[in-house]
Amino acid sequence: MENFFSILGGMGTMATESFIRLINHRTIATKDQDYLNYVLFNHATVPDRTAYILDRTQENPMPYLLDDVKKQNLLRPNFIVLTCNTAHYFFDKLQAATDIPILHMPREAAKELVRQQTVGKVAIFATQGSIKAGVYEKEVREQGFEVVIPDQKLQEKINYLIYHEIKESDYLNKELYYEILEEAVQRLGCEKIILGCTELSLIQEFTTDNPYPVLDAQSILADRTIEQALVARQEFLAKP
């Protein structure tokens, strides 16, 4: 296969499936050949990223991720898509291990805030590991926005939704989801809420009536993936 990108996913698997659905459904296609060429690494057994960030005695995911990048180096995709938000904690080392560009999901989300001419405070909803590592906070602040990090009580609700309801129980608890969004808007006074965890993106995918001002990082990543893949396709077809 020529002219393709690769997806480093499986963290978690259902969230990766959501990402695949997004890029397939959003690709304009009238026949099989119109869809995008890609290879999926659904590496479900990568050790928990948040567990390691919070407690360095836990198993380090980095060797697993580096091995995935080395295997993708052999395939030579046009670019790599890293679909786990928390794994962006390791982004610089992963990018240093390859000359193939890796899309940076938090960075693309921060740029989207600018595109949407966002004003006011921006809340970041993510795993405890992502929050501690500051993978979103750094990118959003660099774009000039005031960042709101959930307090402990709200973060515990977010953790429960991500880990217990969605990851463990495969339950998209819309009531709890709206409850935490309501807190960000009403109690914390936020004008925008970044969904910086793919489990939150998963529940957002199946929520059609959300009245809250969310910015779904995975959805943005899907759009940027399609854009880059189509540009690469045009360049490939234009070759003599």
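Residues numbered from 1 in each chain as written. Predicted model: local features only at pLDDT ≥ 70, side-chain atom pairs only at ≥ 80, totals over all residues. Heavy atoms only, no water.

In this section: empty space enclosed by the protein. Inspection of every chain in the model, using the stated rule, returns 2 cavities of 30 Å³ or more. Here the largest cavity is characterised by a volume of approximately 100 Å³. Class assignment for the residues of the lining of the largest cavity results in 4 nonpolar, 6 polar and 4 charged. Taken domain by domain, the lining of the largest cavity gets at least three of its residues from each of domain 1 (3-103 + 218-236) and domain 2 (104-216). Each pocket or cavity is described by its volume, and for the second largest cavity that value is around 80 Å³. In terms of residue count, helix α11 (residues 217-238) provides more of the lining of the second largest cavity than any other element does, 3 residues in total. Taken together, the residues of the lining of the second largest cavity break down into 7 nonpolar, 3 polar and 1 charged. (1 Å grid on protein atoms, 1.4 Å probe; cavity = no way out; pocket = protein on both sides within 12 Å on 5 of 7 lines; lining within 4 Å. Points joined across faces, edges and corners; volume = space filled by probe spheres on them. Nonpolar A, V, L, I, M, F, W, Y, C, P; charged D, E, K, R; others polar. Domains from an automatic or database assignment. Helix = DSSP H or I, 4+ residues; strand = E, 2+ residues; numbered from the N terminus.)

So, on to the nonpolar core. Among the nonpolar cores identified, the biggest contains 31 residues, and F5, I23, V81, Y136 and V140 are the most heavily contacted of them. Elements with a minimum of two residues in this core: β1 (5-9), α1 (13-26), α5 (105-115), β5 (121-125), α7 (135-142) and α11. At 6 residues, the largest contribution of residues to this core is made by α11. Of the residues that make up this core, three or more belong to each of domain 1 (3-103 + 218-236) and domain 2 (104-216). Dropping the residues within four chain positions of it, V140 is found in contact with A110, L113, V122, I124, F145, V147 and I194. I158, I162, Y178 and Y212 belong to the second-largest nonpolar core, a separate cluster that totals 24 residues. (Core = buried A, V, L, I, M, F, W, Y, C linked by side-chain atoms within 4.5 Å. Buried < 20%, exposed > 50% of the residue type's maximum accessible area, 1.4 Å probe, protein only. Contact = heavy atoms within 4.5 Å.)

A few words on the side chain of S6. With respect to the helices and strands, S6 occurs in strand β1. Apart from residues lying up to four places away in sequence, S6 is in contact with V39, Q72, P77, F79, I80 and V81.

With that settled, the discussion passes to unusual backbone geometry. Cis rather than trans, the peptide bond between M11 and G12 has omega equal to 5 degrees. Topologically, G12 is positioned in the loop between β1 and α1. One non-glycine residue, N3, lies in positive phi territory at about 55 degrees. The topology assignment puts N3 in the segment before β1. At D170, a position not held by glycine, the phi torsion is positive, near 55 degrees. One can find D170 in the loop between α8 (152-168) and α9 (174-187).

Below, the discussion takes up the sheet that holds strand β7 (residues 190-195). For sheets, the rule is that strands pair by backbone hydrogen bonds, running either parallel or antiparallel. Read across the sheet, 4 strands follow the order β6-β5-β7-β8 without closing on themselves; strand pairing throughout is parallel. Looking at the sheet topology across the chains shown, the edges are occupied by β6 (147-148) and β8 (214-216). As judged from the 5 bridges shared by β5 and β7, these two strands associate in the parallel manner. Looking at the pairing, I124 lines up with I194 of β7. In the packing of α5 onto the sheet, the strands contacted are β5, β7 and β8, and the crossing angle to β8 comes to about 135 degrees. (Pairing = 2+ DSSP bridges. Axes fitted to C-alpha atoms, helices over the stretch in contact; angles between N-to-C directions.)

A separate point is the domain arrangement of the protein. Looking at the assigned domains, one finds that the protein contains domain 1 (3-103 + 218-236) and domain 2 (104-216). In this structure, domain 1 and domain 2 have C-alpha centres spaced 21 Å apart. With 26 residues of domain 1 at the contact, the number on the domain 2 side is 28 residues. Taking both partners together, domain 1 and domain 2 bury about 2,200 Å²; carbon and sulfur atoms supply 58% of that area. Considering only the side of domain 1, the residues that lose the most area to domain 2 are N85, Q218 and I220, jointly responsible for 27% of the buried surface there. Connecting domain 1 to domain 2 are 2 salt bridges. Close ionic contact of E112 with R224 constitutes a salt bridge, the shortest N to O distance being 3.5 Å. Inspection of the region where domain 1 meets domain 2 yields 15 residue pairs in polar contact (both at pLDDT 80 or more). (Buried area = accessible area lost by both parts, 1.4 Å probe. Salt bridge = Lys/Arg side-chain N within 4 Å of Asp/Glu carboxyl O. Polar contact = N/O pair within 3.5 Å; in protein donor to acceptor, adjacent residues only side chain to side chain.)

With that settled, the discussion passes to the pairing of strand β2 (residues 38-42). Examined bridge by bridge, β1 and β2 share 5 bridges and lie parallel to one another. Considered in β2, the bridge of I7 is made with L40. With α1 bridging β1 and its parallel neighbour β2, the resulting β-α-β unit is right-handed. (Right-handed = clockwise from strand over helix to strand, strands pointing away.)

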